[in-house]
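Next come the chains, spelled out residue by residue.
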Amino acid sequence: MSYVKKYTFSGLFLMSVALGANSASAQESERINDLIDQVAKAYGGDELIELDSFRLQDRYKQALPGQGYTASYDEFVTFRRDTQLDLVRRKGSEERWTSNWNATLHLRVVSLPDAIATIDYEDGFVRPASFPDFDAAFGGAVRLSDTLLARTLVLNRETAVMKDGEIYLGERQQQVEIQMPHSPPLTLFVSEATGLISKMTRSRGPQTLHYIFGNYKKAGGIAYAADFSIFAGSTPVTISVDRRVSVGNVAPSIFGLDKSFRYEPARVDNQEMTVQKIGEGVHFVGRGPAYTVFIDAEDYVIAAGGYPGLRDRYEMFKKTTGNATPLKFQVATHHHSDHLAGLSEALDLGATLIAPKAAIEKIRSETGLEENSIQLRTLNDVINEGPVEIYNVATNHVDELALIYVPEARTLFQADHYAALHESEITPAGRRAVELYNAVNHLRLDVAIILSAHGGRPIAWAEFETAVEKFEGLPCRSQRSICQ
Ligand SMILES: [Zn+2]
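Residues numbered from 1 in each chain as written. Predicted model: local features only at pLDDT ≥ 70, side-chain atom pairs only at ≥ 80, totals over all residues. Heavy atoms only, no water.

Caption draft 1: Representation of the sheet that holds strand β22 (residues 382–385) in the model. Spatially, the six strands line up as an open sheet ordered β22-β23-β24-β25-β26-β27, and their pairing is mixed. Edge strands, defined here as strands with exactly one partner in the open sheet, are β22 and β27 (459–460). Relative to strand β24 (residues 401–406), strand β23 (residues 388–393) is paired through five bridges, and the arrangement is antiparallel. Directly across from Val393, in β24, lies its bridge partner Leu401. Contacting β23, β24 and β25 (411–414), helix α11 (residues 431–442) crosses the sheet at an angle of about 135° to β25. (Pairing = 2+ DSSP bridges. Helix = DSSP H or I, 4+ residues; strand = E, 2+ residues; numbered from the N terminus. Contact = heavy atoms within 4.5 Å. Axes fitted to C-alpha atoms, helices over the stretch in contact; angles between N-to-C directions.)

So this is what it looks like as structure tokens:
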């Protein structure tokens with residue numbers, strides 16, 4: 001059995017055995033072993049293999065594809081990341097921080113004595129992480145480092161498969177494919193001249209991700225690339241600004257919890273699709289992260305919230321309420337890709353889409369609809385349609401955001417600015433919630449209930465106000481070194 005396991009991935013080897021070309025396979029295996037020995041040497045030899053702990057500190061620019069402030073291009077935001085891995089005990093800590101126009105985010109995924117958890121330093125909650133093991137939680141961190149990829153190659157040499165070489169950056173590169181748990185195969189590009197890894201590729205759905213390494217340095221006898229970037233297809237998504245590596249100094253005390261943290265209180269159960277009556281003629285329908293409000297306009301229905309699964313939510317609404325009037329208008333809240341993904345379903349149902357200009361442009365480019373199509377209606381400042389008022393406001397999240405207000409029911413539907421995710425506690429607010437609060441006050445809307453496109457509980461205005469009042473607005477609440 002070990003024979004089969006050992007050569008499962010070595011297609012070339014099996015083929016050459018079948019053809020009786022033993023000498024060719026022997027040559028192949030010698031070539032790959034020579035290459036792996038060259039990589040081991042280039043990255044530190046015994047120091048690499050005996051590495052007990054590894055720390056990678058990154059400052060990088062991260063693109064937000066489909067989630068930009070404007071619809072015209074994808075902005076980059078600055079992140080810091082501090083990854084500490086105990087490679088002997090297989091424990092890890094990956095901390096990320098950013099504070100940008102859109103959000104402040106400060107999370108650490110960490111191995112605790114009995115579980116892997118995520119600490120959220122912004123809201124003070126600890127959440128059980130969904131990762132089953134070290135590889136699932138920290139395999140992504142390993143793939144970000146040419147040093148750790150080299151170590152993975154050396155320690156798993158029996159699964160490595162040689163591919164065709166290519167010229168890259170003027171140098172002949174050998175390609176070798178390796179396996180990692182919870183990942184499609186990785187292809188490493190190794191410089192024939194230096195034995196250093198210049199690139200790694202792996203597939204993600206229909207795309208190829210390219211991890212690019214360069215500007216090699218040394219730390220504690222180990223080589224590493226100080227420059228690093230990731231491309232999704234031809235689009236840059238991560239560009240390193242500064243990268244540091246150190247070895248042998250991960251303190252065991254980081255794999256624990258500070259007393260000031262507590263496990264997150266119970267979240268609202270959103271597994272099953274529900275239809276909630278909010279007020280006369282106003283229903284809130286959805287499950288998971290995808291909710292739509294349906295508003296009865298007597299002869300027709302107006303809906304808002306454009307996540308995929310719109311048709312299912314509409315069918316559920318009709319079945320539950322007995323309202324069989326057509327869906328005449330569907331409001332898209334803003335241009336972000338996740339909020340536009342269900343709109344083709346609304347078009348199929350014969351609805352006219354109402355959206356801010358930026359979102360209309362995106363919908364047009366995706367559907368091929370003409371600028372003056374009767375299925376598109378641009379929201380400039382405000383639209384009054386039946387019992388609904390739709391306002392266009394600017395916040396720190398997007399330059400154009402549709403707020404859907406039903407005066408009769410004193411209900412406001414919005415996306416991405418606040419959601420009450422917890423069953424019986426106030427969910428902490430971020431800066432976006434404050435901007436929503438200011439926008440509603442500026443428009444002088446009399447709101448009793450707020451609904452979120454991402455679900456959660458319908459929120460009483462007083463609860464929303466309390467959450468907003470509690471927001472401290474500190475960019476480095478924890479005062480941990482990563483954000484100072
Ligand atoms: Zn958004």
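Caption draft 2: Geometry of the sheet that holds strand β16 (residues 282–287). The strand order across the open sheet built from seven strands is β15-β16-β17-β18-β19-β20-β21, with neighbouring strands paired in mixed fashion. The sheet terminates laterally at β15 (274–279) and β21 (376–379), the two strands that pair on one side only. Across the sheet, the mean angle separating the axes of adjacent strands is 25° when strand polarity is ignored. Note: β16 against strand β17 (residues 290–296), six bridges, orientation antiparallel. Bridge assignment links Val285 to a residue of β17, and that residue is Thr292.

Caption draft 3: Looking closely at the confidence of the model for the protein chain. For the protein chain, mean pLDDT is 92; residues scoring 70 or higher make up 95% of the total. Below a pLDDT of 50 lies the segment residues 1–19, which in the model reaches 16 contacts outside its immediate sequence neighbourhood of four places, other chains included. (pLDDT = per-residue confidence, 0-100.)

Caption draft 4: Expanded view of the coordination of the zinc ion. Taken together, the protein donors to the zinc ion comprise His334 (NE2), His336 (ND1), His397 (NE2) and Asp416 (OD), at separations of 2.0 to 2.2 Å. If you look at the zinc ion, its four donor atoms make angles of 92 to 163° with each other, and the shape they trace is irregular. Between the donor residues of the zinc ion, the gaps in sequence give the motif H-x1-H-x60-H-x18-D. With His397 in the loop between β23 and β24 and Asp416 in the loop between β25 and α11, the pair connects residues that are 19 residues apart, well separated along the chain. An identical accessibility class is assigned to His397 and Asp416; each is buried. (Donors = N, O, S within 2.8 Å, 3.2 Å for Na, K, Ca; no water. Tetrahedral: all angles 85-135°; square planar, octahedral: opposite > 155°, others 65-115°. Buried < 20%, exposed > 50% of the residue type's maximum accessible area, 1.4 Å probe, protein only.)

Caption draft 5: Seen up close, the environment of Thr187. If you trace the backbone, Thr187 turns up in strand β9 (residues 186–191). The class for Thr187 is buried, based on a relative accessible area of 12%. For the pair Thr187 and Gly279, spaced 92 residues apart in the sequence, the C-alpha separation amounts to 56 Å. The contacts of Thr187, once residues within four sequence positions are left out, are Gln175, Val176, Glu177, Lys199, Met200 and Thr201.

Caption draft 6: Broad picture of unusual backbone geometry. The phi torsion at Arg410 lies on the positive side, around 45°, for a residue other than glycine. Relative to the assigned elements, Arg410 resides in the loop between β24 and β25. Backbone geometry at Arg444 places phi at a positive 55°, although glycine is not the residue there. On the secondary structure map, Arg444 appears in the loop between α11 and β26 (449–452).

Caption draft 7: Structural context of the domain arrangement of the protein chain. Splitting the protein chain by domain gives domain 1 (2–261) and domain 2 (274–470). Taken over C-alpha atoms, the centre of domain 1 sits 40 Å from the centre of domain 2. Counting from both sides, the interface comprises twelve residues of domain 1 and, opposite them, 16 residues of domain 2. In this assembly, domain 1 packs against domain 2 so that about 1,100 Å² is buried in total across both faces, 43% of it on carbon and sulfur atoms. Our enumeration of links across domain 1 and domain 2 arrives at zero salt bridges. If you look at where domain 1 meets domain 2, you find 13 residue pairs in polar contact (both at pLDDT 80 or more). (Domains from an automatic or database assignment. Buried area = accessible area lost by both parts, 1.4 Å probe. Salt bridge = Lys/Arg side-chain N within 4 Å of Asp/Glu carboxyl O. Polar contact = N/O pair within 3.5 Å; in protein donor to acceptor, adjacent residues only side chain to side chain.)

Caption draft 8: Fine view of the environment of Lys91. Position of Lys91 among the secondary structure elements: in strand β3 (residues 91–99). Placed 69 residues apart in sequence, Lys91 and Ala160 show a C-alpha to C-alpha distance of 25 Å. With sequence-adjacent residues up to four places away left out, Lys91 is seen in contact with Gln84, Leu85, Asp86, Ser111, Pro113, Phe134 and Phe255.

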